[in-house]
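So the chains spell out like this:
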Amino acid sequence: MAIKTSTFSINGSTYTLDKVSGTNKLKKQIQMPTKSSFSQPDHAYAALLKIIDEAGNVTSVDKTHPVYGELMKIRVKERVAPTISVAKPSAGAYITRHSVPIEFTVTDNDSGVNPDTVKMNINGSRATPTRTAVTGGYKYTYTATLDDGEHNIVINAQDNDGNVAAQKKVTFKVDTVPPELSVSNPPEVLVTNKNQLSIAGETNDATSAPCNITVKLNGTDQGAVTVSADGTFSKTVTLAKGANTIVVRSTDSAGKYTEITRTVTYDADAPVILSIEVTPNPVYAGEEITVTVEATD
């Protein structure tokens, strides 16, 4: 008897196989499902081959067949790698505490993330974050205790079909120490008869340089202050008559700051003489006189 029909079914679709002229072979190119088979039983799509002859006799082959069963398990792999997204810390961040929270997710919308492949290194040393299932993958959290300075996190991952995610590296700094600041002029207390005053000093921060300098005179910001590469700075301000409060602040890139306050009194008024008394006058040679002056300032 001759073969009447032959079909190959997979993932809900059925295809008719074509006879190969001059042979007993049946052949068909079949488009595979667009999704990975990892989530299927046996991590494979179950296929069914059915051949019917002219008399109506049927031969079927599925995954339970003792000879060809394994060939009916069609394993389909995806090509898209998983995605790693780091929420904390952000690249280039400045952290002002030694305890640093780390949070990232790894997602894959097809075969899924293989959690055994998710690896995180902090400064080259392996760390084991806590894993929580989320839609499409996993969320990872970890708290690291780090010294002041620059640090980096490197994360690697793969999906269940072996696709390798683009490595994610985040570099950041920990800075818990405010910047150094010194003011060389004016001294702590100054009385001057000049209304122009040059404020000068030096600042530095070992971790988060360069620093930004602000000068406030009686509560009013005095504008941009240029800080040289060596950390020195100067700013000329115009004093008001009487007592002046000057606040110099150095702020590093992490947002930590140090302040120094100086008090300067501007007095441009010369003393006023109210009266002068000299007695006795005239005076004998070699004797004393008494000078009495009444004045205000």
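Look up: the structure comes first, before these words.
1. Observations regarding the overall build of the chain
Along the chain, the regular secondary structure elements total 0 helices and 26 strands. Radius of gyration (C-alpha) of the chain: 42 Å, far over the 19 Å computed for a compact globule of 297 residues. Along the longest, intermediate and shortest principal axes, the C-alpha atoms of the chain span 160 × 30 × 30 Å. Of all intrachain contacts in the chain linking residues separated by at least 6 positions in sequence, the fraction that spans at least 24 positions is 60%.

2. Let's talk about the environment of D205
Looking at the element boundaries, D205 is found in the loop between β19 (196–204) and β20 (212–217). By relative accessible area, which is 5% here, D205 ends up buried. Taking the C-alpha atoms as reference points, D205 and L48, 157 residues apart in sequence, are found 71 Å from one another. Not counting chain neighbours up to four residues away, the residues in contact with D205 comprise D175, V177, P178, P179, C211 and D252. Here the side chain of D205 touches T207 through a polar contact of 3.1 Å, landing on its backbone nitrogen.

3. Digging into the sheet that holds strand β15 (residues 149–156)
Either a parallel or an antiparallel arrangement is found when strands of a sheet pair, and the pairing is made through backbone hydrogen bonds. Read from one edge of the open sheet, 5 strands run β9-β16-β15-β11-β12, paired in mixed fashion. In the strand order of this sheet, the two ends are held by β9 (94–95) and β12 (125–127), each with one partner.

4. A word on the packing of aromatic side chains
Counted by the stated rule, this structure contains 2 aromatic pairs. One aromatic cluster in this structure is built from F104, Y138 and Y140. Between the NZ or CZ atom of R131 and the centre of the ring of Y138, over which it lies, the distance is 5.2 Å. Note that R249 overlies the ring of Y257, its terminal NZ or CZ placed 3.7 Å from the centroid.

5. Here we look at unusual backbone geometry
Phi is mostly negative for residues that are not glycine, and the peptide bonds are mostly trans. The omega torsion of the bond from K88 to P89 falls at -10 degrees, within 30 degrees of zero and hence cis. For P89, the position within the fold is in the loop between β8 (83–88) and β9. Across the junction of T279 and P280, the peptide omega takes the value -15 degrees, indicating a cis bond. Mapped onto the fold, P280 is located in the loop between β25 (272–279) and β26 (290–296). Within the chain, N11 stands out as a residue other than glycine whose phi angle is a positive 55 degrees.

6. Description of the pairing of strand β10 (residues 99–107)
Burial of the side chains of β10 is restricted to one face: V100, I102, F104 and V106 are buried, whereas none of S99, P101, E103, T105 and T107 on the reverse face is. Alignment of β8 against β10, held across 5 bridges, turns out to be antiparallel. Across the sheet, S85 pairs through a bridge with T105, a residue of β10.

7. Digging into a nonpolar patch on the surface
A cluster of nonpolar side chains, contributed by I273, I276, V278, V283, I289, V291 and V293, occupies part of the molecular surface with about 590 Å² of accessible area. If you list the elements that add at least two residues to the nonpolar patch, you get β25 and β26. One can find V283 in the loop between β25 and β26.

8. Observations regarding the pattern of salt bridges
When the charged atoms of two side chains with opposite charge come close together, those side chains can pair. All told, the structure shown has 6 salt bridges when counted by the stated rule. The partner of E70 in a salt bridge is K73, with the nearest N and O atoms 2.9 Å apart. What makes K73 buried here is its relative accessible area of 17%. Two residues, E259 and R249, come together in a salt bridge whose shortest N-O distance is 2.6 Å. Of this pair, E259 sits in strand β24 (residues 257–266) while R249 sits in strand β23 (residues 242–251), and the two are 10 residues apart along the sequence.

9. A look at the pairing of strand β14 (residues 137–145)
Direction of pairing for β10 relative to β14: antiparallel, over a ladder of 9 bridges. Bridge pairing in β14 links F104 to Y140. Where strand β13 (residues 130–134) lies against β14, 5 bridges are found, and the strand directions are antiparallel. Residue T132 lies in a different strand from β14, and its bridge partner there is K139.

10. Side note on the sheet that holds strand β18 (residues 189–192)
The strand order β18-β24-β23-β20-β21 describes an open sheet built from 5 strands, whose pairing is mixed. Taken across any chain shown, the strands that pair with only one partner, and hence form the sheet edges, are β18 and β21 (220–221).

11. Notes on the environment of V272
Topologically, V272 is positioned in strand β25. V272 sits 22 residues away from E294 along the chain, and the two C-alpha atoms are 8.7 Å apart. Discounting chain neighbours no more than four positions away, the residues touching V272 are E294, A295 and T296.

What counts, and where the lines are drawn
Residues numbered from 1 in each chain as written. Predicted model: local features only at pLDDT ≥ 70, side-chain atom pairs only at ≥ 80, totals over all residues. Heavy atoms only, no water. Helix = DSSP H or I, 4+ residues; strand = E, 2+ residues; numbered from the N terminus. Rg over C-alpha atoms; globule rule 2.2 N^0.38 Å. Contact = heavy atoms within 4.5 Å. Buried < 20%, exposed > 50% of the residue type's maximum accessible area, 1.4 Å probe, protein only. Polar contact = N/O pair within 3.5 Å; in protein donor to acceptor, adjacent residues only side chain to side chain. Pairing = 2+ DSSP bridges. Phe/Tyr/Trp six-rings, centres within 6.5 Å; stacked < 30°, edge-to-face > 60°. Lys NZ or Arg CZ within 6 Å of the ring centre and 35° of its normal. Patch = residues over 30% accessible without salt bridge, like charges linked within 9 Å, V, L, I, M, F, W, Y side chains within 5 Å. Areas by Shrake-Rupley, 256 points an atom, 1.4 Å probe, with all protein chains shown as cover. Salt bridge = Lys/Arg side-chain N within 4 Å of Asp/Glu carboxyl O.

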